[in-house]
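These are the residues of each chain, in order.
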Amino acid sequence: MIIAGGGSYLVAMIVLAVTQARLGTPLFFICAGVAIAAYACLLASIWREPGDQRRLFVVALLLALAFRIPLAVPSVKPDNDMIRYLWDGRVQKLGINPYGVVPADAALDFTHTDETRHMPSARLRTPYPPAAQLFFRFVVTLHDSSRVMKLALLACDLLTILVVWRWLIVSGRSEWLTLAYAWNPLVVLEIAHSGHIDALGALWIAASVFWLTRGRTALGTVAFVLAVATKLLPIVLVPLLWRRITIRDALIGLGLMVLLYLPFASGTDVFAGVQSVVQHIRFNGPVFKFFAGVASPEVAARLAVGLGLLTAIWCRWKYRVSDPEGWAWPMAVAIACAPVVYPWYLLYLSPFVLLRPTVPLTAWSCSVLATYVVWETARQGGRWVVPPAVLTGEYAIVLIAAALTWSWSRRTTWGQAP
């Protein structure tokens, strides 16, 4: 079943790459559907204890690599976020603070190439935190190319596979669960196909948990800070560090955070881009919409962070440091309450969505892909709004999965992973 499913998955990714089907088109959804079906079959196999079939495991990992290769080959489209990554890295090389300028400024025309001149976010300040900015600069220093940026993000993805594999072994779980990350269609599509900086953040947070599990608390703290400074989402996981790191580790982490922000902070509001998102951008966030309507966007944003922190406090009490679900649920709650819920935001969860108790999050990682229909309707002049039927279907699938998981847990002792 694994080989057959992997073969169909690979064919779907090749078709997607060769045709360069746009996000949200019928062909895109067909290819994504094939990948989801193959992924579901894989999960059914690995959760049934596949046993000692080392050769089959290696083949499955090689298939995971094969899924990514054809998607990494096509050139990056002008509307891709990687174009902004490229420009942010380039202006840093030129000695310009990316937080203090916008790409549309006529005085900065010399910073553009044909590739970056018409980026969709040209009039917006960058929302990407300092660790992401330093990554952009590093990649541009290697080579100023969107293709190299894409390959660098793919390298982060492959390193995450390695980290998850080592973490599972260290924590006494089956290495087969590595495939729950490596085969996840969301991961494959959002990194190898679309190339999002969340790939770097997912690597750092996975590395943090790996080092914390091994008792390397200083390294775990450093990786955690880098994850937060790549995208702010993991800040809700801070309660999980309580009594798992030392005061010395915490001081190292605070010092690193200051060092990351300090070079960019002179006379510039480094959070202006994030504040703009909270104030003005909405997508696929029904919970945030409700609370923003009842109170205000600021209150709704604080509620999202607060609920994520409360979930983390509960997970700190309930789960061990090596339990994947303890790291997944706080971020999932925060994302679900956010003003913007793009599919790639779930990449931060993906290294921890491995076991049967996180089936609702597995379901969400697949159902959220349906929101790409907005990309196609927008190209045809439609509004940048998730259709009610798609929105209902996306979250109904998650709720159904949650109900089934709860029902199964009542009859079965989940115990440790197979």
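The structure presented is a predicted model; accordingly, all values stated were derived computationally and were not measured.

Criteria and cut-off values
Residues numbered from 1 in each chain as written. Predicted model: local features only at pLDDT ≥ 70, side-chain atom pairs only at ≥ 80, totals over all residues. Heavy atoms only, no water. Helix = DSSP H or I, 4+ residues; strand = E, 2+ residues; numbered from the N terminus. Rg over C-alpha atoms; globule rule 2.2 N^0.38 Å. Buried < 20%, exposed > 50% of the residue type's maximum accessible area, 1.4 Å probe, protein only. Contact = heavy atoms within 4.5 Å. Core = buried A, V, L, I, M, F, W, Y, C linked by side-chain atoms within 4.5 Å. Phe/Tyr/Trp six-rings, centres within 6.5 Å; stacked < 30°, edge-to-face > 60°. Lys NZ or Arg CZ within 6 Å of the ring centre and 35° of its normal. pLDDT = per-residue confidence, 0-100. Salt bridge = Lys/Arg side-chain N within 4 Å of Asp/Glu carboxyl O. Patch = residues over 30% accessible without salt bridge, like charges linked within 9 Å, V, L, I, M, F, W, Y side chains within 5 Å. Areas by Shrake-Rupley, 256 points an atom, 1.4 Å probe, with all protein chains shown as cover.

## What about the overall build of the protein chain?
Next up, step 1: Counting its regular elements, the protein chain contains 18 helices and zero strands.
Next up, step 2: For 418 residues, the compact-globule estimate of 2.2 N^0.38 gives 22 Å, and the C-alpha radius of gyration of the protein chain, at 21 Å, lies within 12% of that figure.
Next up, step 3: The principal-axis extent of the C-alpha atoms belonging to the protein chain is close to 65 × 55 × 45 Å.
Next up, step 4: Counting across all 418 residues of the protein chain, residues that qualify as buried make up 54%.
Next up, step 5: Expressed as a percentage of contacts within the protein chain between residues at least 6 apart in sequence, the contacts between residues at least 24 apart total 77%.

## Points about the nonpolar core
Next up, step 1: Counting residues in hydrophobic clusters, the biggest one holds 123 residues, and the most contacted among them are Phe135, Met149, Trp183 and Trp364.
Next up, step 2: Of the residues forming this core, the biggest block, 10 residues, is contributed by helix H6 (residues 146-170).
Next up, step 3: Residue contacts for Phe135: discarding those within four places in its chain leaves Met149, Ala152, Leu153, Cys156, Ile197 and Leu200.
Next up, step 4: Core analysis: the second largest hydrophobic core is formed by five residues, Ala131, Val225, Leu226 and Ala229 among them.

## Notes on the packing of aromatic side chains
Next up, step 1: If you walk through the whole model with that rule in mind, you get 26 aromatic pairs.
Next up, step 2: Geometrically, the ring pair formed by Phe28 and Tyr372 is edge-to-face, given 5.6 Å between the ring centres and 75° between the ring planes. A residue pair is termed long-range when its members are at least 10 positions apart, and Phe28 in helix H2 (residues 26-46) and Tyr372 in the loop between helix H16 (359-367) and helix H17 (373-379) qualify at 344 residues.
Next up, step 3: For Tyr372, a relative accessible area of 1% translates into the label buried.
Next up, step 4: By way of ring pairs, the aromatic residues Phe28, Phe29, Phe283, Tyr342, Trp344, Tyr345, Tyr372, Trp375 and Trp384 are connected into one cluster.
Next up, step 5: Its end group placed over the ring of Trp165, Arg166 keeps NZ or CZ at 5.8 Å from the ring centre.
Next up, step 6: The ring centre of Tyr319 lies 5.7 Å from the NZ or CZ of Lys318, which sits over that ring.

## Some points on the confidence of the model for the protein chain
Next up, step 1: With 97% of its residues at a pLDDT of 70 or more, the protein chain shows a mean pLDDT of 94.
Next up, step 2: Segment residues 413-418: pLDDT under 50, and 16 contacts once partners within four positions in sequence are set aside and those in other chains are kept.

## Brief notes about the pattern of salt bridges
Next up, step 1: If you walk through the whole model with that rule in mind, you get 11 salt bridges.
Next up, step 2: Across the salt bridge formed by Arg54 and Glu175, the nearest N and O atoms sit 2.5 Å from each other. Taken together, the residues span a long stretch of sequence, with Arg54 in helix H3 (residues 54-72) and Glu175 in the loop between H6 and helix H7 (178-182) at a distance of 121 residues.
Next up, step 3: Here Asp157 and Arg68 are joined by a salt bridge, their closest N and O atoms 2.5 Å apart.

## Quick word on a nonpolar patch on the surface
Next up, step 1: Taken together, the side chains of Val58, Leu62, Leu65, Ile69, Val73 and Leu158 make up a nonpolar region of the molecular surface, amounting to roughly 490 Å² of accessible area.
Next up, step 2: Per-element accounting of the nonpolar patch gives the leading share, four residues, to H3.
Next up, step 3: Checked against the element boundaries, Leu62 lands in helix H3.

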